[in-house]
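Notes for the structure review
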Amino acid sequence: MDKMSENDNITADEKEIGATHSGFVALIGPTNAGKSTLLNRLVGAKVSIVSHKVQTTRAIVRGIAIHNNAQIVFMDTPGIFKPRRRLDRAMVTSAWGGAKDADLILLLIDSERGIRGDAEAILKGLKEVHQPKILVLNKIDRVRHEDLLKLASTANEAVAFERTFMVSATTGSGCDDLMDYLAETLPEGPWYYPEDQISDLPMRQLAAEITREKLFLRLHQELPYASHVETEKWEERKDGSVRIEQVIYVERDSQKKIALGKNGDAIKAISTASRKEISEILEQPVHLFLFVKVRENWGDDPERFREMGLDFPKN
Ligand SMILES: Nc1nc2c(ncn2[C@@H]2O[C@H](COP(=O)(O)OP(=O)(O)OP(=O)(O)O)[C@@H](O)[C@H]2O)c(=O)[nH]1
Ligand SMILES: [Mg+2]
């Protein structure tokens, strides 16, 4: 349907509030730039997990926000970095794939770290991407104003950005201006999702992600990237509670010991934190059971990739 005939179909009431806008905005950037934090801030709910470690997000997570007359679908992507393992390659491919599907690309840079290494490589890669691009400098709560201006001009020399915004995803500073701009700029058109939907991630997967976040937060030094969480069972009970079983996959026996902790301390703490958060989101009591399994080379198992929503790279 072209734009004209679409407008012909709207009723007088709809005309009064103005035409609706909608579109997809890909959040791309180096790992740890704050993409997931910004997504949660803009959506107004926890949709994507966050940690101070790099490589937290593994596959594309969509978060949906409504601002003025626009429905903005943000695609949080895994950070782009120099891939080493098979999982790395799948994550980076997924991030660039997300960019190709978007109406608008939002490049997020950690202003404190500036443009080096991965950020530089992304700026180069962006030249091949043809959608309109905007630059968002994040973590402005951590840097001086003059450094921000320098950073903005360096980035704008490398890529023709439509606009530059300066925000703090943690304090929310600058986020309203960004949302106003996105709502205006996205094309006119009907909304893609029901008004009350904020994510396209199934609850089972979000629950697994929440446990992975707690695992990352608790065991960040000991258990770097070698873990993966899946929800295996989800049972709604008559008393209104839900019983959830999840498996934490690690690669080695020594990692299993770490995940369990002394006297099971680690797993207990992870379980408590995760149960509490899942229960808040579901607004119902949760019984969470965590199991730790050793699966050597889960990082090379196509099934695990599929479960994460990633394509399996052949090599
Ligand atoms: N001070 C400050 N910290 C921030 C801000 N935004 C994010 N952070 C922190 O930066 C770290 C990384 O945030 P994430 O949102 O997980 O970053 P990401 O870009 O999604 O990272 P990956 O998923 O690993 O690519 C976390 O510790 C956040 O709390 C900000 O505006 N200011
Ligand atoms: Mg992330």
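Residues numbered from 1 in each chain as written. Chains lettered and ligands numbered in written order. Predicted model: local features only at pLDDT ≥ 70, side-chain atom pairs only at ≥ 80, totals over all residues. Heavy atoms only, no water.

A word on the domain arrangement of the chain
Rule in force here: Where each domain starts and ends comes from a domain assignment, either automatic or drawn from a database. For this analysis, residues touch if any pair of their heavy atoms sits within 4.5 Å. Put simply, buried area is the surface a 1.4 Å probe can reach on two separate parts but cannot reach once they are joined, added for both. A pair is scored as a salt bridge if a Lys or Arg side-chain nitrogen falls within 4 Å of a carboxyl oxygen belonging to Asp or Glu. In protein, a polar contact means a hydrogen-donor-capable atom and an acceptor-capable atom, both N or O and within 3.5 Å, with residues adjacent in sequence counting only if both atoms are side-chain atoms; elsewhere, any N or O pair within 3.5 Å suffices.
For the chain, the assigned domains read domain 1 (6-185) and domain 2 (203-307). Spacing between the C-alpha centres of domain 1 and domain 2 amounts to 28 Å. Across the contact, 15 residues belong to domain 1 and 18 residues belong to domain 2. Together domain 1 and domain 2 conceal approximately 1500 Å² of surface at their shared face, both sides included; 56% is due to carbon and sulfur atoms. The largest per-residue losses of area from domain 1 upon contact with domain 2 belong to I49, K53 and R58, which jointly make up 40% of the total buried on that side. On the surface where domain 1 and domain 2 come into contact, there are three salt bridges. Close ionic contact of D300 with R86 constitutes a salt bridge, the shortest N to O distance being 2.9 Å. In this structure, the connection of domain 1 to domain 2 is made through six residue pairs in polar contact (both at pLDDT 80 or more).

Brief notes about the nonpolar core
Side chains of a nonpolar character, in soluble globular proteins, are inclined to be buried together. Put simply, the test is: Only buried residues count toward a nonpolar core. Its members are Ala, Val, Leu, Ile, Met, Phe, Trp, Tyr and Cys residues joined through side-chain atoms within 4.5 Å. Residue exposure (1.4 Å probe, protein chains only): buried if accessible area is under 20% of the type maximum, exposed if over 50%, otherwise partly exposed. Starting at the N terminus, helices and strands are each numbered in turn, a helix being any DSSP run of H or I of at least four residues and a strand any DSSP run of E of at least two.
Residues L38, F74, L106, I134, L178 and L182 are the most contacted members of the largest nonpolar core, which totals 51 residues. With six residues, the single largest contributor to this core is helix α7 (residues 175-185). Each of domain 1 (6-185) and domain 2 (203-307) gives at least three residues to this core. Each residue touching L178, except ones within four places of it in the same chain, is listed here: L38, L42, L106, I134, V136 and F165. Counting residues in each nonpolar core, the second largest holds 40 residues, with A59, A119, L135 and Y249 among its members.

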